[in-house]
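Each chain is listed here by its residues.
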Amino acid sequence: MRGKYRALWLDKDENLVVLDQRFLPFEEKTVVIETAKQSLEAIANMTVRGAGVIGNVGAFGVYLASRDANGDIDKIEELSKEIRESRPTAVNLSWAVDRMLALTYKKRALEASALIETLKDEAIKIADEDCIRTQKIAEYGADIIEEIMLSRGIDSFNILTHCNAGWLAIVDSGTALAPIYEAQKRGINIHVWVDETRPRNQGANLTAWELSKAGIEHTVIADNTGGHLMQQSMVDMVITGADRVARSGDSANKIGTYLKALAAKDNSVPFYIALPASTFDFEIIDGVEEIPIEIRSEDEVKFIRGLNSNGEVEEIQIVHSSSSALNYGFDVTPARLITGLITERGYCEATIEAITDMFGDLI
Ligand code: RUB
């Protein structure tokens, strides 16, 4: 497989190995996934997360299903459909599983061993294509950063991002973080405001870890801080990834993204969504009405994980036992609040016309 950074790879026995994101940034552990069921669990319990990587693990899950089922098409289909349902919002999962299943049907006449090999190669291909797509997003995004700097005559740049949309979320350099990595390569003086992203803290735990490893200057902020920073002209651009983008440009991303877009609009701060084409759901027009929003366990709100004073990882309760909590995983930012989409095909306005023009061949 291509790429410098890897959230997943195959071991010598051709099992899937993933970085266990539940333990970052405190421990760097890996998990070996040997069966379709294990791939489903890894997606559902957020061992892996982020739209792109969920898609990759889904694709490798279909390959593992073919191995579990020794090429039995009905069994592969049954296991794959379960994987497809393991998380509802990120469309990359169903996109990748459907692509793998289409190939399975096409190659159904192959002997079991050849079918397994074919599906393994296809899952690798999807991951490799993501590397190319995210590199393009990096370049187009960094061009936009340079344009904004030039037009405003500034020599340093402050970006705010929400959740994690780096290489942990999509190989090989992420979506939202890809232009930031590219800006660093181009020698741009960049600083990133990292939303902590309650309840699971993907910003504090994952984005900050990625940026630290890359030596990129960043500051973690509580989720409610962004609006104030924007009013004080401390944010030059907001950029996030996405889990599902409707044909109209309405974009689902981690809960809280919508509020950042509102604050950005009110303060004339450019607000961009970075995504590969596999994150579009061309069937959906009205994202607010139609994109399924995952509801996760209330315990993710009621408990928090961190290092205690002995340096041990510990989970503690932060809400009274008698209180209930509600945990929507995502929200939808209407297209009218989005300055533009940064895709592997270049900048695209968040309108049905522009999206249809640029991606018509995929619709
Ligand atoms: C992840 C999330 C990320 C997008 C972007 O949510 O909202 O911003 O998935 O991913 P979760 P990508 O942590 O609940 O999976 O970079 O693949 O577009």
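Located above this text is the structure these notes cover.
Predicted model, so just to flag it, every value in this text is computed and none were measured. (Residues numbered from 1 in each chain as written. Predicted model: local features only at pLDDT ≥ 70, side-chain atom pairs only at ≥ 80, totals over all residues. Heavy atoms only, no water.)

Draft legend 1. Region of interest: the side chain of Arg 296. By the element assignment, Arg 296 lies in the loop between α10 (287-290) and α11 (299-302). On the basis of relative accessible area, Arg 296 is assigned to the buried category, the value being 15%. When residues no more than four places from it in sequence are discounted, the contact partners of Arg 296 are Ala 44, Met 46, Arg 87, Arg 200 and Asn 327. (Helix = DSSP H or I, 4+ residues; strand = E, 2+ residues; numbered from the N terminus. Buried < 20%, exposed > 50% of the residue type's maximum accessible area, 1.4 Å probe, protein only. Contact = heavy atoms within 4.5 Å.)

Draft legend 2. Just the sheet that holds strand β16 (residues 346-348), in detail. As summarised here, the arrangement of the seven strands in space is β6-β5-β4-β7-β10-β15-β16, forming an open sheet in which the pairing is mixed. Edge positions in the open sheet fall to β6 (218-221) and β16, since each of these has one partner strand only. In this sheet, adjacent strand axes meet at a mean angle of 25 degrees when their direction is disregarded. Contacts from helix α9 (residues 257-266) reach β4 (157-161), β5 (190-195), β7 (237-240) and β10 (271-274) within the one sheet, and its direction differs from that of β10 by about 145 degrees. Of the strands in this sheet, β15 (340-343) and β16 touch helix α12 (residues 352-359), which is tilted by about 150 degrees from β16. (Pairing = 2+ DSSP bridges. Axes fitted to C-alpha atoms, helices over the stretch in contact; angles between N-to-C directions.)

Draft legend 3. Quick peek at unusual backbone geometry. In this chain, Val 171 is followed by Asp 172 through a cis amide linkage whose omega measures 15 degrees. By the secondary structure assignment, Asp 172 is in the loop between β4 and α6 (178-185). With an omega of 10 degrees, the peptide bond between Arg 198 and Pro 199 qualifies as cis. Relative to the helices and strands, Pro 199 resides in the loop between β5 and α7 (202-214). Positive phi outside glycine occurs at Asn 70, with the angle close to 45 degrees. Positionally, Asn 70 belongs in the loop between α2 (51-68) and α3 (73-84). With a relative accessible area of 55%, Asn 70 lands in the exposed category. For Thr 197, which is not glycine, the phi dihedral falls at a positive 70 degrees. Residue position: Thr 197 is located in the loop between β5 and α7.

What is shown is where atoms sit, not what they do.
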